[in-house]
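Spelled out, the chains give:
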Amino acid sequence: MMQPIRCRMSKKRFSKTGIALVGCMLVCLIICLAVGLPKGFGGEKKQNLDDENTPGITDIMDGNSPLMIYDKRESTKVLMEAFNDENVAGVVLVCDNGASEFSGETFGDVKNVYRALKNILVEDEIASGASTDGSIWGSAVFELEDGLKCSFEFSKRDVLIIDGKAYRISGYEELWKLAEEEQ
């Protein structure tokens, strides 16, 4: 006659260190998820600024820089933060020496001009003297909720002025089209 096999169930005890490690891992996982999601657990979606005119990786690899990345002025950094928080009160876009103007006070208007600006690629610096006669052909001026202003000035349709230096740009067509359509 066969004897039944008896299994001994061992009572394993969990160590306090093991429990603490698992607890720490869970806390870290929750923090990573909260930081990784836009606006935390609420999952609120950030502004989608990509459109058909957004510069591609090949444009950037060719040595061109998107304007909002290239422009290191403090006012541009403040504008980007204010835009993300939707704290921009309005925008005025002027081109062709004042012949065309677009003024917007809704966030949709601001978003259109901001999108057009972020699609501009800064190609290279133009030798001083050959670039501008000091006149401003066009500008985009954003007014923030706190009254601060951030402006972008252009000496020609395809020449941007940053801190007195002139830069050849591309991808500006959408920006000037906004002002010209409002005539």
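For the structure itself, consult the block above.
Computed from a predicted model, the values in this text were never measured in an experiment.

Asks: Honestly, helix α5 (residues 107-118) in this entry has me stumped. Any pointers?
Replies: For an α-helix, 3.6 residues make a turn, and residues three or four places apart therefore share a direction. A rise of 1.5 Å per residue sets the reference length of α5, with its 12 residues, at 16 Å; its end C-alpha atoms lie 16 Å apart and thus fit the reference within 8%. Every buried residue of α5 is accounted for by V110, K111, V113, Y114, R115, A116, L117 and K118.

Asks: I would appreciate a short explanation of the packing of aromatic side chains in the present structure.
Replies: The description of an aromatic ring pair rests on the distance of the ring centres and on the angle between the ring planes. Summed over all chains, the structure comprises 7 aromatic pairs. Considering the side-chain rings of F154 and W176, the 4.8 Å spacing of their centres and the 85° angle between planes classify their relative orientation as edge-to-face. You can see F154 sitting in strand β6 (residues 149-156) and its partner W176 sitting in helix α6 (residues 173-181), a full 22 residues away along the chain. By relative accessible area, W176 is classed as buried at 0%. Among the aromatic side chains, those forming a connected cluster through ring pairs are F83, F107, Y114, F142 and F152. Of note, R73 hangs over the ring of F152, and the distance from its end group to the ring centre comes to 5.3 Å.

Asks: What's the story with the pattern of salt bridges in this structure? I'm lost.
Replies: Side chains that differ in sign of charge can pair as their charged atoms come close. Under the counting rule described, the total for this entry stands at 3 salt bridges. For R73, the salt bridge is made with D71, and the minimal N-O distance between the two is 2.7 Å. The same class applies to R73 and to D71, which are both buried.

Asks: I tried to follow the sheet that holds strand β5 (residues 138-144) on my own but got confused; where do I start?
Replies: In sheet architecture, strand pairing relies on hydrogen bonds along the backbone and comes in two forms, parallel and antiparallel. Taken together, 8 strands build an open sheet; the order of strands is β1-β4-β8-β7-β6-β5-β2-β3 and the sheet is antiparallel. Of all strands in the sheet, those bounded by a partner on one side alone are β1 (65-66) and β3 (100-104). Where strand β4 (residues 121-125) meets strand β8 (residues 165-170), 4 bridges bridge the pair, whose relative direction is antiparallel. Within β8, the position partnered with D124 by the bridge is R168. Strand contacts of α5: β1, β2 (88-95), β3, β5 and β6, with the helix running at about 55° to β2, the strand carrying the most contacts.

Quick notes on the rules
- Residues numbered from 1 in each chain as written.
- Predicted model: local features only at pLDDT ≥ 70, side-chain atom pairs only at ≥ 80, totals over all residues.
- Heavy atoms only, no water.
- Helix = DSSP H or I, 4+ residues; strand = E, 2+ residues; numbered from the N terminus.
- Expected span 1.5 Å × (residues − 1).
- Buried < 20%, exposed > 50% of the residue type's maximum accessible area, 1.4 Å probe, protein only.
- Phe/Tyr/Trp six-rings, centres within 6.5 Å; stacked < 30°, edge-to-face > 60°.
- Lys NZ or Arg CZ within 6 Å of the ring centre and 35° of its normal.
- Salt bridge = Lys/Arg side-chain N within 4 Å of Asp/Glu carboxyl O.
- Pairing = 2+ DSSP bridges.
- Contact = heavy atoms within 4.5 Å.
- Axes fitted to C-alpha atoms, helices over the stretch in contact; angles between N-to-C directions.

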